[in-house]
Amino acid sequence: QSVLTQPPSVSGAPGQRVTISCTGSSSNIGAGYDVHWYQQLPGTAPKLLIYGNSNRPSGVPDRFSGSKSGTSASLAITGLQAEDEADYYCQSYDSSLSPFGTGTKVTVL
Amino acid sequence: EVQLVESGGGLVQPGGSLRLSCAASGFTFSSYWMSWVRQAPGKGLEWVANIKQDGSEKYYVDSVKGRFTISRDNAKNSLYLQMNSLRAEDTAVYYCASRTVYCSSTSCQYYFDYWGQGTLVTVSS
């Protein structure tokens, strides 16, 4: 049972920009806790994509960017590529329940 | 290169037991909190358990408390998950993951920076 809500799916054509929202509450994102993002390519393990709201680990392309405002956060993918088709999960801190968001499937049209 | 390699998954009957292992390399294992995260077929990620660097603190999701035990052996760079009284709803791919914890003056937060490839646990008769 997740306390972070994401849209089940988003889609876009190659080259377009897509955004994924992660909506929390005053007990997690709104309390000042950071948001992190993970990418899970089909049939593989999750991989850290963004940490601390907007920081990219080494090797992550700069077309991926993160932001946070109020009780929500967003992941943006600019210049969408076929290889970006995957599931994306946000994660933050909440003392009560699972730290992961519900997940969003990104489809490249 | 950081590597986390899980093993020990398989098919087990309801009520049975299984012990998962995770072999770590490429980083200072003893310096990291470690976690188990699972993913049921076609579902999202669910955190299962955490263990502190020296094993002195352990935390579990409510649904596995009293049935699962997380442990580690820093001398062997290994993480374990002993799963007892398994139920059908425990069927999932189990991932081990390292956690980076960072703290301010008021709170500590974390993220999962490295993940293993996962091991499938199927609970079925």
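Up top is the structure.
Computed from a predicted structure; not experimentally measured.

**Describing the packing of aromatic side chains**
Aromatic ring pairs: the centre-centre distance and the angle between the two ring planes describe each pair. Residues and elements named next belong to chain B. Taken as a whole, this structure holds 16 aromatic pairs over all chains when the rule is applied. Ring geometry for Phe27 and Phe29: centres 6.3 Å apart, planes at 65 degrees, overall edge-to-face. Ring centres of Trp33 and Tyr59 lie 6.2 Å apart, and the angle between their planes is 25 degrees; this geometry places the pair in the stacked category. With Trp33 in strand 4 (residues 33–39) and Tyr59 in strand 6 (residues 58–60), the pair connects residues that are 26 residues apart, well separated along the chain.

**Section: the interface of chain A and chain B**
Listed as interface residues are 19 residues of chain A and, on the opposing side, 19 residues of chain B. In total, chain A and chain B occlude about 1500 Å² of area from one another, counting both sides; carbon and sulfur atoms represent 61% of this. Joining chain A to chain B, the criterion identifies 0 salt bridges. In this assembly, chain A and chain B are joined by 8 residue pairs in polar contact (both at pLDDT 80 or more).

**With respect to the sheet that holds strand 3 (residues 18–23) of chain A**
Residues and elements named next belong to chain A. Read from one edge to the other, the open sheet built from 3 strands follows the order 3-7-6, with strand pairing classed as antiparallel. Lying at the two open borders of the sheet, with one neighbouring strand each, are strand 3 and strand 6 (64–69). Averaged over all adjacent pairs, the angle separating strand axes in this sheet is 20 degrees, with direction ignored. With 6 bridges connecting them, strand 3 and strand 7 (residues 72–77) associate as antiparallel partners. Among the inter-strand pairings, Ile20 is bridged to a residue of strand 7, identified as Leu75.

**Side note on the sheet that holds strand 1 (residues 3–7) of chain B**
All names here are of chain B. Taken in spatial order, the 4 strands make up an open sheet running 1-3-8-7, and their pairing is antiparallel. Every interior strand has two partners, whereas the edge strands, strand 1 and strand 7 (68–73), have only one. Adjacent strand axes in the sheet meet at a mean angle of 15 degrees, parallel and antiparallel pairs treated alike. Of the pairings in the sheet, the one linking strand 1 to strand 3 (residues 18–25) comprises 5 bridges and is antiparallel in character. Within strand 3, the residue paired with Ser7 across the bridge is Ser21.

**A few points about the pairing of strand 9 (residues 92–103) of chain B**
Residues and elements named next belong to chain B. Pairing between strand 4 and strand 9: 7 bridges, direction antiparallel. Across the sheet, residue Arg38 finds its bridge partner in strand 9, namely Tyr94. Sheet analysis places strand 9 next to strand 11 (residues 119–123), joined by 3 bridges and oriented antiparallel. Across the sheet, Ala92 pairs through a bridge with Val121, a residue of strand 11. Summarising the sheet, strand 9 and strand 10 (residues 108–115) pair through 7 bridges and their orientation is antiparallel. Each bridged residue has a counterpart across the sheet, and for Thr100 the counterpart in strand 10 is Tyr111. Two successive antiparallel strands, strand 9 and strand 10, enclose a turn made up of 4 residues.

**Here's the deal with unusual backbone geometry**
Backbone geometry at A:Asn53 places phi at a positive 75 degrees, although glycine is not the residue there. With respect to the helices and strands, A:Asn53 occurs in the loop between strand 5 (47–50) and strand 6. Classification of A:Asn53 by relative accessible area gives buried; the value is 14%. Even without glycine at this site, B:Asn77 takes up a positive phi of about 50 degrees. Here B:Asn77 shows up in the loop between strand 7 and strand 8 (78–83).

**What to know about the side chain of A:Asn28**
All names here are of chain A. Mapped onto the fold, Asn28 is located in the loop between strand 3 and strand 4 (36–40). For Asn28, a relative accessible area of 1% gives the class buried. Residues in contact with Asn28, not counting those within four places in the same chain, are Val3, Leu4, Tyr33, Ser92, Tyr93 and Asp94.

**Some remarks on the state of the cysteines**
Inspection of every chain in the model, using the stated rule, returns 3 disulfides over all chains. Across the disulfide from A:Cys22 sits A:Cys90; the S-S distance is 2.1 Å. Residues A:Cys22 and A:Cys90 are joined through a disulfide that is right-handed, its torsion about the S-S bond being 75 degrees. One end of the pair, A:Cys22, is in strand 3; the other, A:Cys90, is in strand 8 (residues 86–91), and 68 residues separate them in sequence. One exposure class covers both A:Cys22 and A:Cys90, and it is buried. Between the sulfur of B:Cys22 and that of B:Cys96 lies a disulfide, 2.0 Å long from S to S. Handedness here is read from the sign of the S-S torsion; for B:Cys22 and B:Cys96, about 45 degrees, the answer is right-handed. Of the two residues, B:Cys22 is situated in strand 3 and B:Cys96 in strand 9; the sequence distance between them amounts to 74 residues. According to the relative accessible area criterion, B:Cys22 is buried, its value standing at 1%. In chain B, the bonded cysteines, taken in the order they occur along the sequence, pair up as 1-2, 3-4.

The rules we used
Here, residues in each chain are numbered from 1, in the same order as that chain's written sequence. Each chain gets a letter, beginning with A, and each ligand a number, beginning with 1, in the order they are written. Only residues with pLDDT of at least 70 get local features here, since the model is predicted, and only at 80 or more are side-chain atom pairs given and counted; chain-wide, interface and lining totals rely on the full set of residues. Water and hydrogen atoms play no part in the side-chain values, which are based on all heavy atoms of the structure. In this scheme Phe, Tyr and Trp rings, the latter by its six-membered ring, pair at centre separations within 6.5 Å, and the angle between planes marks the pair as stacked below 30 degrees, edge-to-face above 60, and tilted otherwise. Helix numbers and strand numbers start at the N terminus; a helix is a DSSP run of H or I with at least 4 residues, a strand a run of E with at least 2. Should any heavy atoms of two residues lie within 4.5 Å, those residues are considered in contact. The buried area of a pairing is the accessible area, by a 1.4 Å probe, that goes missing from both parts when the two are put together, added over both. For this document, the term salt bridge refers to a Lys or Arg side-chain nitrogen within 4 Å of an Asp or Glu carboxyl oxygen. N or O atoms within 3.5 Å of each other form a polar contact, as long as, within protein, one can give a hydrogen and the other can take it, and as long as residues adjacent in sequence are counted only when both atoms are side-chain atoms. Think of it this way: DSSP has to see at least two bridges between two strands before they count as a pair. Each axis is a line fitted through C-alpha atoms, and for a helix only the stretch in contact is used; angles between axes span 0 to 180 degrees, taken between their N-to-C directions. The rule is simple: take the accessible area with a 1.4 Å probe, protein chains only, and divide by the maximum for that residue type; under 20% is buried, over 50% is exposed, in between is partly exposed. Defined by distance alone, a disulfide is two cysteine sulfur atoms within 2.5 Å.

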